[in-house]
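Report on the structure
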Amino acid sequence: MKKILSIALMAIAALTATAQDVQLHYDFGRNLYPDEEAGRQKVTMTLEQFKADQWGSWYYFVDIDFSRKFTEGAYTEISREFKLGKQSPFAAHVEYDGGLNRFGSFQQAALLGAAYNGHNVDFSTTYSLQLMYKRFFKSYDYTSAYHSAQLTGVWSTTFAGKKCTFSGFIDFWRGEQANGHGQLVILSEPQFWYNATDHLSIGTEVEVSNNFIYNTYNDKSFFVNPTLGVKWNF
């Protein structure tokens, strides 16, 4: 789980100005790909928060990955949006991505661009489209600094009397191969939640990616990694 950008928080924050949840996921990726993903974490805890104010909004999440013996790492994304007009759906978007793992760090990146945000009348459906310049930094050996761009789509819809929520995101960005050649990286993490109470949800997330997972076993680049998860909404 490298990203859990739940725009559903925007719907809650529209009324309360702030929203926060914690999620715990059991990942089946290592069971599905025992060779290519032999070192993949089995458990991830995610804390995320959205907070709106008169200028725009803050959003962050932290993913903490656990294996049987170690805390494998902590990855975060922190973003700030500035409204471009009081009633305008457009906003300026600034973001930082990075974190630490037990071998060193994740490759850091900074993003700058624009977002188009929307919703239906009762905020049961929300969406966002973001187009950003992305700058990767040399964070550890065998990485290099380079320019990139990212297109992100985020969605959430709650239905069946608010008992079910379908949300998620999809990212497209330019990655860089070891030989310096560019490649298209795709990462999507749709989630489905059954909202048992106002606070407790039970569901799943499916990480679908291409050219995202580091695989030295063979040339496979496309992976589908489902989870079983629980979420507590504060």
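A brief report on the enclosed structure follows. This one's a predicted model, so the numbers in the text were calculated from it and none came from an experiment.

Considering the arrangement of structural elements, one finds Asn117 in strand E7 (residues 109-119). Sequence separation of Asn117 and Leu129 is 12 residues, and the distance between their C-alpha atoms is 6.6 Å. Polar contacts involving the side chain of Asn117 include one to the side chain of Glu81, which spans 3.0 Å.

Now for a nonpolar patch on the surface. A cluster of nonpolar side chains, Leu84, Phe90, Tyr116, Tyr127, Leu129, Leu131, Leu151, Phe172 and Leu184, forms an exposed patch at the surface whose accessible area comes to about 830 Å². Tracing the sequence through the fold places Tyr116 in strand E7. A relative accessible area of 34% means that Tyr116 is categorised as partly exposed.

Burial along strand E12 (residues 191-195) is one-sided: the face carrying Gln191, Trp193 and Asn195 is buried and the face carrying Phe192 and Tyr194 is not. Sheet topology places strand E10 (residues 164-176) next to E12; four bridges connect them, and they run antiparallel. Residue pairing for E12: Phe166 is matched across the bridge by Phe192. Summarising the sheet, E12 and strand E13 (residues 200-210) pair through five bridges and their orientation is antiparallel.

As judged from the 11 bridges shared by strand E4 (residues 71-83) and strand E5 (residues 90-101), these two strands associate in the antiparallel manner. Counterpart to Ser79 in the pairing with E5 is Glu95. In this structure, the hairpin formed by E4 and E5 is closed by a connection of six residues, where Gly85 is found at a positive phi of approximately 110°. The pairing of E5 with strand E6 (residues 104-105) spans two bridges and is classified as antiparallel. Counterpart to Leu100 in the pairing with E6 is Ser105.

Further remarks concern the nonpolar core. Ranked by size, the top nonpolar core spans eight residues in total: Ala109, Phe136, Tyr146, Val154, Phe169, Trp173, Val185 and Leu187. If you list the elements that add at least two residues to this core, you get strand E9 (146-159), E10 and strand E11 (182-188). Sequence-distant contacts of Val185, defined by excluding residues within four places in its chain, comprise Asp171, Phe172, Trp173, Gly175, Asn210, Asn211 and Phe212.

The next thing to look at is the pattern of salt bridges. For the structure shown, the criterion picks out six salt bridges. When the shortest N-O distance is used, the salt bridge between Asp27 and Arg40 registers 3.0 Å. Pair noted here: Asp27 is in strand E1 (residues 18-27) and Arg40 is in the loop between helix H2 (29-32) and strand E2 (43-52), with a separation of 13 residues, a long-range link. For the pair shown, Asp27 and Arg40 are each scored as buried. The salt bridge involving Arg40 is made with Glu207; its shortest N-O contact spans 3.2 Å. Here Arg40 is found in the loop between H2 and E2, whereas its partner Glu207 is found in strand E13, with 167 residues between them in sequence. Like Glu207, Arg40 is buried.

Basis of the calculations
Residues numbered from 1 in each chain as written. Predicted model: local features only at pLDDT ≥ 70, side-chain atom pairs only at ≥ 80, totals over all residues. Heavy atoms only, no water. Helix = DSSP H or I, 4+ residues; strand = E, 2+ residues; numbered from the N terminus. Polar contact = N/O pair within 3.5 Å; in protein donor to acceptor, adjacent residues only side chain to side chain. Patch = residues over 30% accessible without salt bridge, like charges linked within 9 Å, V, L, I, M, F, W, Y side chains within 5 Å. Areas by Shrake-Rupley, 256 points an atom, 1.4 Å probe, with all protein chains shown as cover. Salt bridge = Lys/Arg side-chain N within 4 Å of Asp/Glu carboxyl O. Buried < 20%, exposed > 50% of the residue type's maximum accessible area, 1.4 Å probe, protein only. Pairing = 2+ DSSP bridges. Core = buried A, V, L, I, M, F, W, Y, C linked by side-chain atoms within 4.5 Å. Contact = heavy atoms within 4.5 Å.

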